[in-house]
Amino acid sequence: MADVEDILKRIEAHKGVIGTVVVNGGGIPIRTTLDNSTTVQYAGLFRQLTTMARSTVRDIDPQNDLTFLRIRTKKHEIMVALENDFLLIVIQKPCE
Amino acid sequence: MPQKRPKSATSSAGKMKHKDRKPESPAPIEKPDHPEDIFPMVLTSVTQELFGCRADEDVTSESPYKLLKKDDIIQDIKTRAAVSDFSPVKQRVLDYPDDEILLVFDRDFIYGQCFYLVMTPEAKELILNPPEPEEIPAEIECEVNKTPEPQKWISLGSELEIEEESVKETREKLYFVFSKERRMFGGPVCFSDSNAADDKYGNLGCPSYQDSRFSIKQMQRDCGTQAAPTLQSSSAQTQWKRKKNMCTQYKPREFSQEEKDNILQSESLKNFCNLVTPRMLYALQQEEIMNVFLDDLKALGTCPEEGECSGKDSAELMLYQAFTDQTYSKDRTISCINWHPTIYGLIAVAFTAKKEQQSDEPTSSDVRPSHIVFFCFSNPYDPQLLLECPDDIYAFEFCPSDPNIIVGGCRNGQVVLWDISGHITHLQRAQSSGKKVSVNTDTFDLDDNKEKKTPVVRCCAVSAMDSSHKARITDVKWLPPTFEVTRLGVPVENQYNTSVQVVTCSPDCSIMFWDVRLPKPLNQSALDRKKTEDQKVQMTPYSVPDTFKHLDRTWKPLLRVSLPNINTSEEYVPLKFSFQHYTCKGNTDRNTEEADKSSEIIRDFSQLRLPSAKTLTTLEDVNTKFYIGTEDGEIVYTDWKLEKDDSGRLQSAKPLHCFSIHSWMVNTIQRSPFFKDIILTTGGWKFAIWKEGVMDGPIIVSPISEHVITVGCWSLSRPAVFFIGKDDGSIEVWNLLEKTSEPTQVHAHITNAKITCITPWTATPKQHILAVTDDLGVVRVFEIPKTLYIPSKSESLNVKKLFELEENRLKDYLQREKLSQKEQKEAEELEKKMEPNEPLKSEQEEEDTHLKEYREYMVLE
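The notes below deal with the structure included here. In this text the structure is predicted, and so the values were computed from the model without any measurement.

**Topic: the sheet that holds strand β5 (residues 318–323) of chain B**
Residues and elements named next belong to chain B.
Item 1. One open sheet holds the 4 strands; their spatial order is β5-β37-β36-β35, and the pairing between them is antiparallel. Strands at the two margins of the open sheet, each flanked by one partner only, are β5 and β35 (755–764). For this sheet the average axis-to-axis angle between neighbouring strands, irrespective of direction, equals 25 degrees.
Item 2. Bridge analysis of strand β36 (residues 767–774) against strand β37 (residues 779–783) gives 5 bridges, and the strand direction is antiparallel. The residue bridging Val772 from the neighbouring strand is Arg780, located in β37.

**Examining the pairing of strand β4 (residues 77–83) of chain A**
All names here are of chain A.
Item 1. Counting buried residues in β4 gives 6 out of 7 residues, a clear majority hidden from the surface.
Item 2. The pairing of strand β3 (residues 68–72) with β4 spans 5 bridges and is antiparallel. Within β4, the position partnered with Phe68 by the bridge is Ala81.
Item 3. In sequence, β4 turns back onto strand β5 (residues 86–92) through a hairpin of 2 residues, with Asn84 there showing a positive phi of about 50 degrees.

**A few points about the side chain of Asn404 of chain B**
Item 1. By secondary structure assignment, the location of Asn404 of chain B is in the loop between β10 (393–398) and β11 (405–410).
Item 2. In this view, Asn404 of chain B contacts Trp418, Asp419, Ile420, Ser421 and Ile424 of chain B; residues no more than four positions away in its chain are not counted.

**Let's talk about the side chain of Ser510 of chain B**
Item 1. Within the secondary structure, Ser510 of chain B is located in strand β19 (residues 510–515).
Item 2. Within the local environment of Ser510 of chain B, its side chain forms a polar contact with the side chain of Asp508 of chain B, the two groups lying 2.9 Å apart.

**Things to note about the packing of helix α19 (residues 795–834) of chain B against helix α20 (residues 843–860) of chain B**
Residues and elements named next belong to chain B.
Item 1. At a minimum axis separation of 11 Å, α19 and α20 run at an interaxial angle of 135 degrees. Regarding the angle of α19 to α20, the classification is oblique. Considering how the two elements wind past one another, α19 and α20 form a crossing that is right-handed. Contact residues: α19 offers Lys818, Gln821, Lys822, Lys825, Glu826, Glu829 and Lys833, while α20 offers Thr849, His850, Glu853, Tyr854 and Tyr857.

**Concerning the packing of aromatic side chains**
Residue and element names in this part refer to chain B.
Item 1. Applying the stated criterion across every chain yields a total of 19 aromatic pairs over all chains.
Item 2. Taking the centre distance of 5.1 Å and the plane angle of 65 degrees together, the rings of Tyr320 and Phe377 count as edge-to-face. In this pair, Tyr320 is assigned in strand β5 and Phe377 in the loop between β8 (370–376) and β9 (385–389), connecting sequence segments 57 residues apart.
Item 3. A residue is classified by how much of its surface remains accessible, and Tyr320, at 35% relative accessible area, is partly exposed.
Item 4. When the centroid spacing of 4.8 Å and the interplanar angle of 85 degrees are considered together, the rings of Phe687 and Trp734 count as edge-to-face. Here Phe687 is found in strand β29 (residues 686–691), whereas its partner Trp734 is found in strand β33 (residues 731–735), with 47 residues between them in sequence.
Item 5. The exposure class assigned to Phe687 is buried, which follows from its relative accessible area of 2%.
Item 6. Every member of this aromatic cluster is reached through a ring pair, and the members are Tyr320, Phe323, Trp339, Tyr344, Phe375 and Phe377.
Item 7. Above the face of the Tyr394 ring, Arg472 is positioned so that its terminal group lies 5.5 Å from the ring centre.

**Remarks on the sheet that holds strand β32 (residues 721–726) of chain B**
All names here are of chain B.
Item 1. Pairing is antiparallel across the open sheet formed by 4 strands, whose spatial order is β31-β32-β33-β34. The open sheet has two edge strands, β31 (709–714) and β34 (745–747), and neither has a second partner. Between one strand and the next, the sheet's axes are offset by a mean angle of 20 degrees, whatever the strand orientation.

**Brief notes about the interface of chain B and chain A**
Item 1. Contact with chain B, which involves 29 residues of that partner, is made by 38 residues of chain A.
Item 2. A combined buried area of about 3300 Å² lies between chain B and chain A, and 68% of that area is made up of carbon and sulfur atoms.
Item 3. Considering only the side of chain B, the residues that lose the most area to chain A are Phe272, Met280 and Glu287 of chain B, jointly responsible for 19% of the buried surface there.
Item 4. Scanning the region where chain B abuts chain A turns up 3 salt bridges.
Item 5. Taking the shortest distance from any N to any O, the salt bridge between Arg279 of chain B and Glu83 of chain A comes out at 2.5 Å.
Item 6. Counting across the chain B and chain A interface gives 10 residue pairs in polar contact (both at pLDDT 80 or more).
Item 7. Broken down by element, the residue count for the side of chain B that touches chain A peaks at 20 residues, all from helix α9 (residues 267–289) of chain B.
Item 8. A per-class count over the side of chain B that touches chain A returns 14 nonpolar, 7 polar and 8 charged.

Definitions and limits used
Residues numbered from 1 in each chain as written. Chains lettered and ligands numbered in written order. Predicted model: local features only at pLDDT ≥ 70, side-chain atom pairs only at ≥ 80, totals over all residues. Heavy atoms only, no water. Pairing = 2+ DSSP bridges. Helix = DSSP H or I, 4+ residues; strand = E, 2+ residues; numbered from the N terminus. Axes fitted to C-alpha atoms, helices over the stretch in contact; angles between N-to-C directions. Buried < 20%, exposed > 50% of the residue type's maximum accessible area, 1.4 Å probe, protein only. Contact = heavy atoms within 4.5 Å. Polar contact = N/O pair within 3.5 Å; in protein donor to acceptor, adjacent residues only side chain to side chain. Parallel < 35°, antiparallel > 145°, perpendicular 65-115°, else oblique. Left-handed = near helix turned anticlockwise from the far one by under 90°. Phe/Tyr/Trp six-rings, centres within 6.5 Å; stacked < 30°, edge-to-face > 60°. Lys NZ or Arg CZ within 6 Å of the ring centre and 35° of its normal. Buried area = accessible area lost by both parts, 1.4 Å probe. Salt bridge = Lys/Arg side-chain N within 4 Å of Asp/Glu carboxyl O. Nonpolar A, V, L, I, M, F, W, Y, C, P; charged D, E, K, R; others polar.

Okay, here's the thing in structure tokens:
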């Protein structure tokens with residue numbers, strides 16, 4: 001099992017990735033490549049959004065669960081992966 | 001008389017009670033509450049000890065019986081007489097037949113006292129030897145089986161109540177007999193129908209009525225009750241006596257570094273990462289490959305230029321307005337025009353005498369003062385404002401940070417400054433209302449209307465005659481508010497974010513930098529300064545604003561850059577120049593602070609002082625190199641920073657490049673508003689596009705045109721479009737993305753004279769206008785159609801690519817040229833060498849010659 005750092009570095013080195021944030025269950029960022037204020041903002045907001053999205057999915061089908069969330073904005077694409085109460089948020093600039 | 005049965009008790013006692021109860025219970029006669037053969041008594045502790053029946057020790061609830069000898073009791077009675085506890089039962093004890101008397105410890109005080117004495121031997125026997133309990137159920141069974149015999153009813157008083165309740169007749173029943181008369185029996189009868197409701201006799205009702213004589217008071221009423229909890233509701237209104245703002249402040253939760261490290265080491269996080277990474281990489285890859293949200297139809301390019309506009313609007317420039325004024329434009333040509341940066345529809349035009357007239361000027365009597373005239377859309381025939389100049393103005397510009405300040409360059413080489421802030425309201429009013437409003441509002445309206453005078457603004461300051469240019473100033477530009485220049489030409493940061501420096505160029509082979517601030521007075525005392533200021537007050541006329549009083553007539557340039565020729569020892573004769581605008585990055589905090597300060601200071605130029613070069617930070621990334629177009633058609637690329645040569649004197653640097661592309665005077669050098677390093681130059685019969693940094697030549701050169709190109713300008717909204725004005729009065733519109741060898745539109749014969757200036761402007765987002773002036777002194781304003789001002793999809797990207805392509809092409813071309821030249825030289829060399837009959841040439845010699853030639857060539861480059 002490779003180190004957490006190495007895994008995250010692989011993701012960060014991908015083309016177009018602007019930043020990554022790892023958030024724990026309480027919405028507190030654990031590891032980030034962005035500056036502090038942005039990180040805290042992303043962590044809090046996305047924690048809320050994923051909780052809501054997750055409850056939506058599970059309301060429809062309790063056997064189901066949310067694994068991935070992608071938000072496409074005008075400027076970038078924000079991808080959120082959920083597992084074990086952790087969140088991995090990656091912001092990528094789409095290539096055009 | 002509740003008689004509880006003690007647990008240990010004797011059923012015999014109970015039985016006795018049974019027997020006893022019967023004769024006792026019916027009559028409520030007072031009787032002692034104990035059977036006759038039991039005598040409750042109190043025994044003092046002395047007595048208890050004597051007889052060995054101490055409570056709870058010798059006798060307990062389990063064994064409450066104590067047999068006492070009769071003789072002992074009698075003895076006790078005799079000895080203690082009245083004090084003895086047994087005295088009340090003295091007689092009974094004496095009568096007792098047996099020798100032993102039973103004393104029972106009455107723990108539960110059933111008979112009222114602590115102990116009781118059993119008086120009869122039968123009772124004693126019964127207590128001590130309780131009969132078998134089995135007898136009782138047998139007796140009960142026997143009783144049940146027997147049918148009860150009826151017994152005589154005993155009246156207990158209930159028959160009285162029954163008597164009362166029963167209803168009895170108080171009188172005899174009344175008795176009526178009705179009979180028909182005898183003779184009517186058997187007679188005919190006649191039956192008829194009648195409605196029961198109609199016939200009042202058919203239905204006799206006896207309704208109840210309230211009889212006033214009769215009243216009964218209801219003594220008893222049935223009503224139901226229900227227990228309910230007591231409730232009370234009440235409300236209160238709070239008074240908001242003291243209004244105050246409430247706010248919450250919060251801080252986000254964060255982990256400390258150790259906690260973060262801990263979590264990073266944890267297993268759960270590792271699991272999470274391993275699980276999540278493939279998904280994330282997959283999504284990232286997807287995104288990288290293609291844009292799934294791309295709307296293909298939209299991307300096809302349904303821009304207005306393709307479908308919507310072709311029918312409705314013309315794709316050509318449409319004449320919007322034309323300005324001319326007989327007084328000012330007669331026999332004059334326009335040398336420079338500028339749109340007012342903030343006021344809509346206001347254009348400033350500089351009229352100059354035509355070249356043919358200039359030679360005649362000393363003799364002709366038609367000497368008129370020169371003016372810069374302001375025209376407004378709302379009133380095309382009357383100018384709104386006049387700026388008076390000492391001499392013809394060939395170039396002028398509005399200050400980028402303060403549109404009220406205008407700098408102009410005169411024919412005699414002087415630099416002139418105007419301040420029109422006093423007339424701004426008048427201009428704005430004129431623009432909005434369309435009527436001319438006189439500046440002087442004190443007089444009556446009638447007078448104002450009659451006068452109709454255009455306000456005239458005199459120049460605030462002119463430069464010192466001896467330090468100005470020796471020839472006419474052909475180009476004037478403000479330095480942008482982002483940087484300023486020191487005496488050595490080193491760019492430093494601009495503290496106040498205002499444009500304070502002006503660059504002028506003139507055919508006297510020099511380019512001068514001017515600063516509108518006074519240099520720091522070194523030795524002047526405060527008094528002296530005041531004196532000089534007072535003197536200046538007297539000198540300037542009354543209606544001129546005193547913004548630049550400190551400069552008037554004493555203005556000297558800050559820096560003088562000469563242009564030594566790259567090849568010869570002469571100098572270049574510049575006509576136009578263009579430098580790169582610098583947008584400062586970083587230091588935004590400081591700039592906002594300074595900006596606040598500068599908003600107060602901005603008008604007080606006299607207080608500003610030239611800062612010493614040491615106090616300001618040098619800006620490293622400002623490009624101090626700029627392009628100059630000369631009279632001979634050369635484009636020179638040089639640096640304005642002064643260098644120290646061998647003798648220690650400050651000298652201008654030698655230009656880096658010089659290209660002679662145009663065959664005649666260069667009349668435009670303009671940078672593209674979209675790309676910092678793309679420059680358009682026009683002159684002679686060609687125009688060229690240059691890229692800064694490409695030292696080999698222009699990346700695009702136009703084909704030779706029929707007429708002399710007099711002016712060119714880039715479009716403000718489309719990176720690929722520019723306009724070219726020609727000698728024959730026609731305008732060409734070029735679109736680099738469509739055709740690079742010929743213009744996309746030609747508007748021939750807009751005017752009969754040659755075009756002198758073209759300036760585009762974005763008046764409103766929907767209205768893009770182009771001002772075109774000609775040699776006859778007429779300003780024409782055209783509206784640019786949508787096709788020409790709305791950029792196509794990703795136009796700047798395409799144009800950038802085009803320029804890169806051209807650059808590469810140029811490089812290739814030059815390389816090939818080099819190669820072909822080399823080959824040519826080699827061929828020549830070969831021929832030369834062959835003449836002195838040396839057919840074999842050592843390769844070494846050949847290589848040497850080649851190397852030498854190559855080195856020489858490199859030196860030239």
